[in-house]
Amino acid sequence: MLADVRSALADQLPPAMVPTALVAVPAIPSTGGGKVDVAALRTFRSVPRKTGAGAVAAGPVPALTPVQAAIATVWTELLGVVDPRPTDDFFALGGHSLLTFQLVYRLREALGVELPVRTPFQRPTLAGLAGAIEELLAQPAPTDTAPDDGPAWTGPPPASSAQARLWFVQQLDPTAFHYNVPIYASLDGRLDVAALTAAIDGVVARHAPLRTVFATVDGTLRQLVQSPQPIPVEQLDLRSEYTADAAAADQHVHQLAEAAYRRPFDLSRDIPIRLSIIALTDERHVILLTLHHIAYDAWSLKIFFDELAAGYAAHAQGRPLVVPPLTTEYVDYALAQQRQLEKGSLTPALEYWRRQLDGVEGLSGLPLDRPRPTRPSFVGERLSFRIEAETTAALRRLGTMENATLFMLLVTALAVAMAERSGDTDVAIGTDVASRAGTEVERLIGFFVNQVVLRCGVESGLLWRVLVNRVRTTVLDAYAHQHVPFDQVVRAINPRRSREQSSLFSSKIVLNNAPAAPGSLTGLQVTALPFELRTARFDLTVLLEESDGGIDGIWEYDGEIFDARGMSRLCARFVALVDELSTQPDRRPSVGVREASVALDAPAPKQHRARLRRKPTPVSGAGPDVTREPAEPATAGVVSYLRRRPGIELATWARAHRAEIEADLAVHGAVLFRGFDVTEPEAFEAFAAQFVDQLLTDNGEHPRAVIGGSGNVYTPVFFAPEEKLLWHNENTFNATAPARLFFSCAQVAETGGQTPISDSRAVFDAIPAELRDRFVRLGVRYVRVYLPELGVPWQDVFGTSDRALVEERCRRSGITWSWEADTLRTECVRPAAIRHPVSGDWCWTNQAQHWHHACLPEAARAALRDVVSHDRLPRDCTYGDGSPMADEDIRRVLAVYAEHERSFDWRVGDLFMIDNVRCAHARNSYTGARRLLVTMGGEVENR
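The sections below set out a description of the structure shown in this document. Since the model is a prediction, treat every value here as computed from it, not as a measurement. (Residues numbered from 1 in each chain as written. Predicted model: local features only at pLDDT ≥ 70, side-chain atom pairs only at ≥ 80, totals over all residues. Heavy atoms only, no water.)

In terms of regular secondary structure, the protein chain is built from 29 helices and 37 strands. The buried share of the protein chain, taken over its 943 residues, is 49%. For the protein chain, the proportion of contacts with a sequence separation of at least 24, taken over those separated by at least 6, is 76%. Accessible surface, the protein chain: about 41800 Å² in total, of which carbon and sulfur atoms supply 53%. (Helix = DSSP H or I, 4+ residues; strand = E, 2+ residues; numbered from the N terminus. Buried < 20%, exposed > 50% of the residue type's maximum accessible area, 1.4 Å probe, protein only. Contact = heavy atoms within 4.5 Å. Areas by Shrake-Rupley, 256 points an atom, 1.4 Å probe, with all protein chains shown as cover.)

What follows is the structure, encoded as structure tokens:
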């Protein structure tokens, strides 16, 4: 029954509004006054289908495809769910960012497909993820798939980039201890010291990073792995002292712990692990296990304790220890990384980071209370806080609606808090990624963690929901390029380095999702020793961990540069913003705005726009060479950039001013570039490549010709010059559509030929409410009949004459099909409107006016009626439920488009960039020759 309810809701509601959980209740509880008892309703909870005791069956499991079955197996391993269904959502079942990385790596190994990291975030259901993988599997395999391991490495292996990063930090200050990792605990029970030390020696022998020192050989930092041998153990007997005065002995232990933590490692001589065992009574001991971060990360903690517990039990019981052999070593990981660098395979990803972090060094960061010392002591202060379970649950619900993880929501709140404090809406925040690509390295102890920079734009006036979607995009882009070692990113950006300040970012946020360590050894209760870390590696680090339904947090800051009072206020503000975000996502938070950003805010109200006449102003940093003209009717109401001096190459200039251009595109939906003389495909494509990661080749849907050798630039769709090509958002009858369109004018028509645009938000708002609601509720059903004698053949559109491949592509894209001899009929239902992926605004994006027979010239309609019956029209559309779409409905839509149309006259060399969701475009009729270049790129899911 619940499955039927979910199916019905999915037919009627946008995906974001479909409930993530349905609960059957015996009756709707009511209060004494007859109203719904909301508090009583909250006592009902859906029961997840977890494995183990108490697992709940939820009816028969639908048959899964082979790819779905493979995904289901991995979900069961990672999430502990029984029989996941095609409609299940990975994140609703407990998935998070770290588990997503494991999911991607395991599916890559299981299915032999290079699955992008962002895909599970974009298609979180089992069926959606399977469809994405099937699309990848259907693509031709690379012609050369043989691994290129390069020549065998001679001599000591190189250090990994992560190790080299910490080595460099240690060389700046050999007395520093802030990368020491204290694992200090009390052991209650009768301790077998020999078994404990033997177990630790076994872990060290098994994992080479724990017995590695470093040296520079021929200009390269190398790992010098030492032979396994017992590690030195310092044993202290404080039993008599503890008996005499337990409190004094505890204080003594604390002093010993503090000294152990503050003792630096000499990484060229000391293996990165030390152990002290302190006896307080016969049945109470304290262990001080200190490691250096160069050999260890948070993920390693569970591995260390799992193997320590197994080794201790085996040695204490006098039996052999049986552990599965490691199939790879940390040095293999470091060698593979080195070969990647030598082959240049990281170059495309490095180019992303160069663009993304251009100018990041100039960001102000949090304002300091005191000058930064030239020799920082890295003394840290800590505040504890908690985000309550109710708020956390609300965050999860919002995350489900916005396809955002808990981490993305927390980053959004922190970015807003930092923007308020600094007055700078461009915020850089660092975070850690596990960087364990594959099941083999999941079993290794070592320093794998990489750092990425999240550059968040939190301009004033944007809704929380919009900011979340912006941060989501930023985080997913960072995840997609996380394989580039942070030190390589630093080298590419080449900021000023110093011991006083971290490069690229000074504030950091970490949500710890690493597997938890056990709390006991055989016969012993293990309790973490209370030990306050008073170090700060960054100006601010926000450490978060889920606990008892809520989130426990540590606000760690540099006490040398910040006052406690100000940091306490900022911490409290962050918690308040998290609560506000969770309960009021459609509210606009108050964000401080830099003076330079004010001009990029939302446009003035409609009734005042025509009166605005600002003086053209030079673009920031460009001097008089390029000026930014404000939006005016003469340029279609969009911002334009005018070149004032010859010799400025547009792609190069745009790369340097991308942030400003992106801000204008976000406000106006389109940007015009004039005077740059872009008429050749190479220069045109170079510009477009600055704003999208991948340009799209023509999909065969329309008659057009390729220009240039790359296949990425082509002519506009051929359409009779004497007719107007109606307004449309490109390819929104497909499952995905391009995010951005680019046009360049190489030849101006004698008359006409403009490219009008209409704001899709304004169109959505202006369509009569009852008509808009019908469209949104039902969607649009696009019907296409590929007749041999009419239109583009299906073989050209699908790029194959193999019917099986055509059917597979249709199935993946949610298209139904049927054959009649050589005639193919396809149908699909797409949304009439979608939310903008960045702003969250509703945009009218369907192509009903392009497909409906009412939009054809009367002569063309009459000619078609003479040739084919209505049900065999080459193109037509209905409402999504199959009900006819009246001609009057289409005419009302067209009238709204016409009312909101804006256009400008082309000039040779003009380049026009359009947000394909935010703006529909058209083409006016024209006379004479007209030549435009077209390309498009990026991808938006049409759902």
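Attention now moves to the packing of aromatic side chains. Note on aromatic pairs: each is described by the distance of the centres and the angle between the planes. For the structure on display, the rule yields 35 aromatic pairs. Between Trp75 and Phe90, the aromatic rings sit 5.5 Å apart at their centres with planes inclined by 50°, giving tilted as the arrangement. Of this pair, Trp75 sits in helix α3 (residues 66–79) while Phe90 sits in the loop between α3 and α4 (97–111), and the two are 15 residues apart along the sequence. Accessibility expressed as a relative area gives 0% for Trp75, which makes it buried. In this structure Phe90 comes out as buried when scored by relative accessible area, which is 1%. Relative to Phe448, the ring of Tyr330 lies with its centre 5.0 Å away and its plane at 75°, an arrangement referred to as edge-to-face. (Phe/Tyr/Trp six-rings, centres within 6.5 Å; stacked < 30°, edge-to-face > 60°.)

Another aspect to go through is the pattern of salt bridges. Side chains that differ in sign of charge can pair as their charged atoms come close. Evaluated as defined, the whole model comprises 49 salt bridges. A salt bridge links Asp237 to Arg239; the shortest N-O distance between them is 2.7 Å. A salt bridge links Arg892 to Glu770, with the shortest nitrogen-to-oxygen separation between them at 2.5 Å. Remark: Glu770 occurs in helix α24 (residues 769–778) and Arg892 occurs in helix α29 (residues 887–899); sequence separation between them is 122 residues. Classification of Glu770 by relative accessible area gives partly exposed; the value is 42%. Here the salt bridges share partners, and the residues they tie into one network are Glu134, Glu808, Arg811 and Arg812. (Salt bridge = Lys/Arg side-chain N within 4 Å of Asp/Glu carboxyl O.)

Here we come to the packing of α24 against α29. Viewed as axis vectors pointing N to C, α24 and α29 meet at an angle of 110°, and their least axial separation amounts to 11 Å. The angle between α24 and α29 falls in the class roughly perpendicular. Taking contact as the criterion, the partners of Glu770, Leu771, Arg774 and Phe775 in α24 are, on α29, Asp889, Arg892 and Val893. (Axes fitted to C-alpha atoms, helices over the stretch in contact; angles between N-to-C directions. Parallel < 35°, antiparallel > 145°, perpendicular 65-115°, else oblique.)

Ranked by internal contacts, the top residues of the largest apolar core, which has 143 residues, are Trp75, Leu196, Leu410, Trp555 and Phe574. It is helix α15 (residues 406–422) that provides the largest number of residues to this core, a total of 13 residues. In this structure Leu196 touches Leu187, Leu191, Ile277, Ile287, Leu308, Tyr312 and Leu521, once residues within four positions along its chain are discounted. (Core = buried A, V, L, I, M, F, W, Y, C linked by side-chain atoms within 4.5 Å.)

Read these as layout, nothing more, since geometry by itself doesn't imply function.
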